[in-house]
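What follows is each chain in one-letter form.
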Amino acid sequence: MQRWDGIEAIPAGLDASVVTIGNFDGVHRGHGAVLEAAVNVAREAGAMAVALTFHPHPAQVHRPEAAPELLTGLADKLDLLAEHGLDATLVIDYTLDFAAQDASTFVQRYLVDALKARAVVVGADVRFGRGNSGDRTTMTELGHRHGFDVHVVHDVADPGERRWSSTWVRELLAAGNVEAATEVLGRPHRMRGVVVRGHARGRDLGFPTANLDADASGAVPADGVYAGWLLRRPGAETGERMPAALSVGTNPTFDGLVRQVEAHVLGRWDLELYGEEVVVEFSHLLRPTVRFEGIDALVRQMQQDVRDAADRLDVPEPDYPTPEQVRTWTS
């Protein structure tokens, strides 16, 4: 998939596209339905399938003090958009000046003049233009004026469930319900960050962890211990996807104050990940974060966490040292 940063990056030879517009935070199954429709329409029309998205998220510009925690950073959003078969994504630098354009000007400049849109595919709740004044009816009217078709994809949900949305995923993650979040997303929730040095307590206890830096992208789930995966060199042909036990919290046993996201790759003591960018995926909640009285109790629980993670991920259970052995190493 091509990435175009601003309309200046659009190839001069582009003569026809089918465009879909959105923030696409999380690229959940509702987004997937719109993206799939855009790709299908593009293939039938012999045109490029293009997503037009914004960075930063509009809420971070208009109301930064109340902006929601984003489900995906830009790198992961682009990777996920590519997985849906798009030919290109146009990333617009979202500023107050950009937001001041009226709906008609936006369509003329970006969809008609820049992208040569032959059709536009949008969700039923699409809003665009100054003050979100444009909606699907506006888009249809502008399509008649400029000669492009408009396809509206209505809300998508499982029978009896609420519509799939980024807001719902945030609520599920805040409750630690990563299994339900997986259902709405169509994949495990992920975070991306650089591995930094921590207190090395996990290594001392026999369970070395990769600590994500404080600027890691992706919404942080509720405090707890999770089964999941660590992706090394994500997106590369040489990448590795390794089963892991993931911890979110402040390490209350050690009176920690800073909330951290840590990943222990099951059965691996040989990994040196400092300075690498990795992705972690949250598959199952194993237990809430609790404070333990003493190292022995903590190590026993960590061993159980590893067994539970291996079971939930359906991978072999690795061997681990006993608490007594660990105590001789740390004494």
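As a starting point, this report considers the structure included with it.

Reading the values: the criteria
- Residues numbered from 1 in each chain as written.
- Predicted model: local features only at pLDDT ≥ 70, side-chain atom pairs only at ≥ 80, totals over all residues.
- Heavy atoms only, no water.
- 1 Å grid on protein atoms, 1.4 Å probe; cavity = no way out; pocket = protein on both sides within 12 Å on 5 of 7 lines; lining within 4 Å.
- Points joined across faces, edges and corners; volume = space filled by probe spheres on them.
- Helix = DSSP H or I, 4+ residues; strand = E, 2+ residues; numbered from the N terminus.
- Nonpolar A, V, L, I, M, F, W, Y, C, P; charged D, E, K, R; others polar.
- Pairing = 2+ DSSP bridges.
- Axes fitted to C-alpha atoms, helices over the stretch in contact; angles between N-to-C directions.
- Contact = heavy atoms within 4.5 Å.

Once that is clear, we can look at the layout of surface pockets. For the largest pocket, the calculated volume is near 1100 Å³. As for the largest pocket, its lining consists of 43 residues, and the residues nearest its centre are G22, N23, D125, V126 and R127. Secondary structure elements with two or more residues in the lining of the largest pocket: β2 (17-21), α1 (29-45), α2 (58-62), α4 (96-99), β5 (117-123) and α7 (166-174). Looking at the lining of the largest pocket, its residues break down into 18 nonpolar, 17 polar and eight charged. In this structure, the second largest pocket occupies an estimated 280 Å³ of space. Taken together, 16 residues line the second largest pocket, and the ones lying closest to its centre are L212, D213, A214, R259 and Q260. Among the residues making up the lining of the second largest pocket, the classes are represented as eight nonpolar, four polar and four charged.

An order of β7-β8-β11-β10-β9-β12 is seen for the six strands of this closed barrel, with the pairing classed as antiparallel. The sheet shows a mean angle of 45° between the axes of neighbouring strands, direction not considered. Relative to strand β8 (residues 210-212), strand β7 (residues 189-196) runs antiparallel, the two being bridged by two bridges. Bridging across to β8, V195 finds its partner in L212. Of the strands in this sheet, β7 and β12 (277-287) touch helix α3 (residues 74-83), which is tilted by about 135° from β7.

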